Amino acid sequence: MSTALVGLLYGGATLGTMFLGMPIAFALGAVAVLFMVGFMPAASLDTVTQNVYEEMASITLLSIPLFILKGAAIGKSRAGQDLYSALHAWMHKIPGGLGIANVFACALFAAMAGSSPATCSAIGSAGIPEMRKRGYSGAFAAGLIAAGGTLGILLPPSITMILYAVAAEQSLGRLFLAGLGPGLLLVTLFAGYAMVRFRQEYAAAKKAYAETGAPSALLHEDNLTLRDRFAALPRVLPFVVLLTGVMVALYGGYATPSETAGLGGVLALALIALIYGVWMPKDLSPILTSTIRESTMLMMIIGMSLLYSYVMSYLHISQAAAQAIVALNLSKWLLLATILVLVVVLGFFLPPVSIILMTAPIILPPLKAAGFDLIWFGVVMTIVMEMGLIHPPVGLNIFVIKNIAPDIPLKDVIWGTVPFVLLMLLAVILLCLFPQIATGFPDLVMGKGR
């Protein structure tokens, strides 16, 4: 049987098991084992556990449960709401300041949690009710939080970037640094859109009030004094200490990424214990339970994805697919566009973790041969996968928003995310035109050759 036919059967079997509703980890593992039985030596089945263990025995992957612990410690306490409240106190005078505060809160929370759904849930549970109470439309509020949550896989410590660094065999420190510039770019684009959208909704509310006399909460202005603003600052200080401590340890060379993850987890637990009194076993139980549940699910997906990639490589499917892409003799940028379209399509069905581990063996060799910087591509690919988090049919963040704001119709949530998908596309175009947005900071901090 030809490699091409085996590859088609492999891909078809994968899609078939997923469409049946089987969890992703079990779907990938089942397909991998099935093809090991059918196309590989019988002795290969004896090495399944060994292969999975060896692939997962990476010190870099050790940081994932620790970063999840840090995110859970903050997300399961009042820390996210306090962060949002403090930012709102300082930005409420700016047009769309409440929306901008949510964007900044998502960015800061993402930089500590490293998880998109966790960011979306923690900030959205406080931000969406406040925005709607103040007259913002449900679509705008939902779209803003859903898009802001995607920053969780771009800003360090991003779990998605950890997996990409492992799959692409690239420096995790450089990859984290490369995400900072594009992350700030997206924050700026999202905040700018929040201002524009607020002005539109404010003008419509003002016009309706002039014509019908119907008041709108959007026209109400908060009267927070300077004293109120400074009183809110202590709520942000612990986050700044936590974020600074982790970044200094990582980029100052004092700790490896895994050690930094452990430091972040300990600092987060200390923060909620000292400030919020979360230290009793009954208080810590939801945090530890959430960490174990999410870590187990994620590590199962990683382990089965690595087994899936191993089988794909053994059967020469990934090598043949890479050669077929090269044989198309596409120009450099057409090759990139084709691969990114593939990532977008996969985003309809798969989460970022699976996309990275399943496609890396296929797409990275042609891209490297074409002269693309794999650190830069990792950032671009991450932004494209962010789109997958807010577009249907999977759109994980869409369903997170629907869960925390069930009264907002699903179609409103989806339409609310569309402008942000377009802004992400704009960010990708800007990164292609000005790659220094991603590569400049790592070169400056770590040196060109490191």
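Bear in mind the structure is a predicted one, so any value in this text is a computation, not a measurement.

> Tell me about the overall build of the protein, and name the residues and values.
Helix and strand content of the protein: 21 helices and zero strands. Whereas a compact globule of 450 residues would reach a radius of gyration of roughly 22 Å, the protein reaches 23 Å, a difference of no more than 12%. Oriented by its inertia axes, the alpha-carbon framework of the protein measures out at about 75 × 50 × 45 Å. Out of the 450 residues belonging to the protein, those deemed buried represent 51%. Of the contacts made within the protein by residues no fewer than 6 positions apart, 77% connect residues no fewer than 24 positions apart. Charged side chains of the protein number 23 positive and 19 negative; the gap between the two group centres comes to 8 Å.

> Quick rundown of helix α16 (residues 332-347)? Include the residues and the values.
Since there are 3.6 residues in each turn of an α-helix, residues three or four apart along the chain are aligned in direction. Its 16 residues give α16 an end-to-end C-alpha distance of 23 Å, which sits within 8% of 22 Å, the value for a rise of 1.5 Å per residue. Every buried residue of α16 is listed here: L335, L336, I339, L340, V343 and G347. Across the axial projection of α16, the buried residues extend over an arc of 130°, all falling on one side. Buried residues along α16 sit against α15 (317-327), α17 (352-369), α18 (374-389) and α20 (410-433).

> Which residues make up the nonpolar core, and what values do they have?
Core analysis: the largest hydrophobic core is formed by 138 residues, its most contacted members being I302 and F377. Once residues lying within four places of it in the same chain are set aside, the contact partners of I302 are L61, I64, L163, V353 and L357.

> Help me get a handle on a nonpolar patch on the surface, residues and values and all.
Taken together, the side chains of W415, V418, L422, L425, I429, L433 and F434 present a nonpolar region at the surface, about 740 Å² in accessible area. Here L422 shows up in helix α20.

> Report on the pattern of salt bridges, specifying residues and quantitative values.
This structure, assessed with the given rule, holds four salt bridges. Here D407 ties to R132 by a salt bridge, and the two come within 2.4 Å at their closest N and O atoms. Placement of the pair is D407 in the loop between α19 (396-404) and α20 and R132 in helix α7 (residues 116-133), with a sequence separation of 275 residues. For D407, a relative accessible area of 54% puts it in the exposed group.

> Could you give me a rundown of the packing of helix α14 (residues 281-314) against α17, with the residues and numbers involved?
Interhelical geometry of α14 versus α17 gives an angle of 20° and a closest axis separation of 9 Å. By the angle between their directions, the pair α14 and α17 is classed as roughly parallel. For the crossing formed where α14 meets α17, the hand is right-handed. Where α14 abuts α17, its residues L298, I301, I302, S305, L306, Y308, S309 and M312 lie against V353, S354, L357, M358, P361 and I362.

> So what's going on with unusual backbone geometry? Which residues, and what values?
Here the phi dihedral of E169 falls at roughly 55°; this positive angle occurs in a residue that is not glycine. Mapped onto the secondary structure, E169 falls in the loop between α9 (159-168) and α10 (172-178). Under the relative-accessibility criterion, E169 is labelled exposed at 72%. You will see that H316, though not glycine, has its phi angle at about 65°, which is positive. Relative to the elements of secondary structure, H316 occurs in the loop between α14 and α15.

> Explain the packing of aromatic side chains to me, and be specific about the residues and the numbers.
For the structure on display, the rule yields 13 aromatic pairs. Seen from their ring centres, W333 and F372 are 5.3 Å apart, and the 80° between their planes marks the pair as edge-to-face. Remark: F372 occurs in the loop between α17 and α18 and W333 occurs in helix α16; sequence separation between them is 39 residues. Given the relative accessible area of 45%, W333 is considered partly exposed. On the basis of relative accessibility, which here comes to 6%, the residue F372 falls in the buried class. Chaining the aromatic ring pairs together yields one cluster made of Y136, F140, F190, Y193, F198, Y202 and F420. The positively charged end of K332 is found above the aromatic ring belonging to F372, 4.8 Å away from the centroid.

> Quick rundown of α15? Include the residues and the values.
Of the positions making up α15, those classed as buried are I317, S318, A322 and I325. One side of α15 holds all its buried residues, which, seen down the axis, span an arc of 130°. In α15, the exposed positions that point more than 90 degrees away from the buried face belong to Q323 and A327. On its buried face, α15 is in contact with α1 (3-19), α14, α16 and α17. The positive-phi residue at the C-terminal boundary of α15 is N329, with phi of around 55°.

Conventions and cut-offs
Residues numbered from 1 in each chain as written. Predicted model: local features only at pLDDT ≥ 70, side-chain atom pairs only at ≥ 80, totals over all residues. Heavy atoms only, no water. Helix = DSSP H or I, 4+ residues; strand = E, 2+ residues; numbered from the N terminus. Rg over C-alpha atoms; globule rule 2.2 N^0.38 Å. Buried < 20%, exposed > 50% of the residue type's maximum accessible area, 1.4 Å probe, protein only. Contact = heavy atoms within 4.5 Å. Lys, Arg positive; Asp, Glu negative; His and termini not counted. Charge placed at Lys NZ, Arg CZ, Asp CG, Glu CD. Expected span 1.5 Å × (residues − 1). Arc of directions from axis to C-beta. Core = buried A, V, L, I, M, F, W, Y, C linked by side-chain atoms within 4.5 Å. Patch = residues over 30% accessible without salt bridge, like charges linked within 9 Å, V, L, I, M, F, W, Y side chains within 5 Å. Areas by Shrake-Rupley, 256 points an atom, 1.4 Å probe, with all protein chains shown as cover. Salt bridge = Lys/Arg side-chain N within 4 Å of Asp/Glu carboxyl O. Axes fitted to C-alpha atoms, helices over the stretch in contact; angles between N-to-C directions. Parallel < 35°, antiparallel > 145°, perpendicular 65-115°, else oblique. Left-handed = near helix turned anticlockwise from the far one by under 90°. Phe/Tyr/Trp six-rings, centres within 6.5 Å; stacked < 30°, edge-to-face > 60°. Lys NZ or Arg CZ within 6 Å of the ring centre and 35° of its normal.

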